[in-house]
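Here is what each chain is made of, one letter per residue.
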Amino acid sequence: MTGPAPEPAPKPTRVRVQHLRAAKERGERLTMLTAYDAVTARIFDAAGVDMLLVGDSIGDNMLAHPNTIPVTMDELIPAVRAVSRTVRRAMVVADLPFGSYEASPEQALASSVRMLKEGGAHAVKFEGGERVAPHVALLTGAGIPVVGHLGFTPQSENILGGKRVQGRTAEAAEQLSADAVALQEAGAVAVVLEMVPAPVAARVTEILAIPTIGIGAGPTCDGQVLVWTDMAGMGGWSPRFAKQFGQVGAALEQAARDFADEVRTGTFPAAEHAYWE
């Protein structure tokens, strides 16, 4: 006879770095969504999402840039601040935008200090493998948690030849694994794997003690992340790897149409929406 199933571990009141590795050890999947403002941060935090990424994806999703490359620290920090001031449980991870960390570990440290001091972030994320391992080590030594990012790295879109799946050859897959190990050894607390073949992501997930967070990297990663507008159906297009869990865009458009119609016909505001004394 088998005994009763073990009780699931209690959810932490505040997600911290130790909870990420503990979740992997227990086989519990981690959840991450992007958030760029207080409104979405409050909703996603209340929904129990473990990590909120204030990503440089704000560029092409909120600021009408063609991609993430034009995003600056000064554009990103107010969004980080809004999210970090709002959440009660989720870990807030802030991207370091293009040009704010590549030059040296010291540049990465200076930018990360701003994200924590001015933005209130709990961790930072930036792209690269072995090349940025010294950056990760310096930040970790300074008390700043780092999430790595491998596979398709949007800030390198121009040199990668566009939005292309990475790690398809044996050599590329081996290098991706080496990069992941280098990030872990330097002190990274998790690694995002974007647009890599599912078997490659499975191998990286197997060899790492820290969690992998997948986006277009198959089902075996330790967690999953999506850009929230893709997740919620806010546009007419979303990438192949995304799933629309709602049609928020259509609902919002209909609400705006209903508002405009009622204002034009005089239905709104009604008596109950006015002050009479």
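By the naming in an unreviewed UniProt entry, the protein is 3-methyl-2-oxobutanoate hydroxymethyltransferase, taken from Beutenbergia cavernae. Regarding the protein, the relevant UniProt record gives this comment under Subunit (unreviewed entry): "Homodecamer; pentamer of dimers."

## Considerations on the overall build of the protein
A tally of helices and strands in the protein yields 11 helices and 8 strands. On C-alpha atoms alone, the protein measures out to a radius of gyration of 21 Å, which is about the 19 Å that the 2.2 N^0.38 rule sets for 277 residues. Oriented by its inertia axes, the alpha-carbon framework of the protein measures out at about 70 × 60 × 35 Å. Burial analysis of the protein (277 residues in total) assigns 47% to the buried set. If you take every contact in the protein between residues at least 6 apart in sequence, the share linking residues at least 24 apart comes to 58%. With an accessible surface of roughly 14200 Å², the protein has 57% of that area assigned to carbon and sulfur atoms. Counting 24 positive and 31 negative side-chain charges, the protein places the averaged centre of each group 3 Å from the other.

## With respect to the UniProt feature "binding site: Mg(2+)" (unreviewed entry) in the protein
If you check UniProt for "binding site: Mg(2+)" (unreviewed entry), the listed places come out as Asp56, Asp95 and Glu127 in our numbering. In summary, the annotated positions, though distributed over 72 residues, converge in three dimensions, the widest C-alpha pair being only 11.3 Å. Mapped onto the fold, Asp56 is located in the loop between strand E2 (51-54) and helix H3 (58-61). Leave out the neighbours within four places in its chain, and Asp56 touches Thr68, Val71, Asp95, Pro97 and Gln155. Tracing the backbone shows Glu127 in the loop between strand E4 (123-125) and helix H6 (133-141). Overall, the relative accessible area of 5% leaves Glu127 in the buried class. Not counting residues up to four positions away in its chain, the partners in contact with Glu127 are Tyr101, Val132, His149, Thr153, Pro154, Gln155 and Ser156.

## Examining the domain arrangement of the protein
Annotation of the protein at the domain level lists domain 1 (17-246) and domain 2 (248-276). One C-alpha centre belongs to domain 1, the other to domain 2, and the line joining them spans 39 Å. Contacts between the two partners involve 4 residues from domain 1, matched on the other side by 4 residues from domain 2. Joining domain 1 to domain 2, the criterion identifies 0 salt bridges. Applying the counting rule to domain 1 against domain 2 returns 2 residue pairs in polar contact (both at pLDDT 80 or more).

## Brief notes about the packing of helix H5 (residues 105-117) against H6
In the contact formed by H5 and H6, the axes pass within 8 Å of each other and the chain directions differ by 45 degrees. Taken together, H5 and H6 sit at an angle that is classed as oblique. You can see that H5 and H6 cross each other, and the crossing is right-handed. Contacts from Pro105, Glu106, Ala108, Leu109 and Ser112 in H5 reach Pro134, His135, Leu138 and Leu139 in H6.

## Concerning the pattern of salt bridges
Summed over all chains, the structure comprises 9 salt bridges. With a closest N to O distance of 3.4 Å, Glu157 and Lys163 form a salt bridge. Using a relative accessible area of 16% as the deciding quantity, one classes Glu157 as buried. The salt bridge involving Arg203 is made with Glu206; its shortest N-O contact spans 3.4 Å. Separated by 3 residues within a single helix, Arg203 and Glu206 lie in helix H9 (residues 198-207), roughly one turn from each other.

## Some words on the environment of Met234
Among the secondary structure elements, Met234 is positioned in the loop between helix H10 (228-231) and helix H11 (248-265). When its relative accessible area of 30% is taken as the criterion, Met234 is described as partly exposed. Put simply, Met234 and Val248 are 14 residues apart on the chain and 5.7 Å apart in space, counted from C-alpha to C-alpha. Ignoring any residue separated from it by four or fewer positions in sequence, one finds Met234 in contact with Trp228, Thr229, Val248, Gly249 and Leu252.

## Side note on H5
Taking 1.5 Å as the rise per residue, H5 with 13 residues should run 18 Å; its terminal C-alpha atoms sit 18 Å apart, in good agreement. Taken residue by residue, H5 has Pro105, Ala108, Ser111, Ser112 and Met115 as its buried positions. Buried residues of H5 fall within an arc of 130 degrees about the axis and therefore sit on the same side. Turned more than 90 degrees away from the buried face of H5 sit Glu106 and Lys117, all of them exposed. Along its buried surface, H5 packs onto helix H4 (73-86), strand E3 (91-95), E4 and H6.

Definitions and cut-offs
- Residues numbered from 1 in each chain as written.
- Predicted model: local features only at pLDDT ≥ 70, side-chain atom pairs only at ≥ 80, totals over all residues.
- Heavy atoms only, no water.
- UniProt positions renumbered as here; feature names shortened; annotations may be inferred.
- Helix = DSSP H or I, 4+ residues; strand = E, 2+ residues; numbered from the N terminus.
- Rg over C-alpha atoms; globule rule 2.2 N^0.38 Å.
- Buried < 20%, exposed > 50% of the residue type's maximum accessible area, 1.4 Å probe, protein only.
- Contact = heavy atoms within 4.5 Å.
- Areas by Shrake-Rupley, 256 points an atom, 1.4 Å probe, with all protein chains shown as cover.
- Lys, Arg positive; Asp, Glu negative; His and termini not counted.
- Charge placed at Lys NZ, Arg CZ, Asp CG, Glu CD.
- Domains from an automatic or database assignment.
- Salt bridge = Lys/Arg side-chain N within 4 Å of Asp/Glu carboxyl O.
- Polar contact = N/O pair within 3.5 Å; in protein donor to acceptor, adjacent residues only side chain to side chain.
- Axes fitted to C-alpha atoms, helices over the stretch in contact; angles between N-to-C directions.
- Parallel < 35°, antiparallel > 145°, perpendicular 65-115°, else oblique.
- Left-handed = near helix turned anticlockwise from the far one by under 90°.
- Expected span 1.5 Å × (residues − 1).
- Arc of directions from axis to C-beta.

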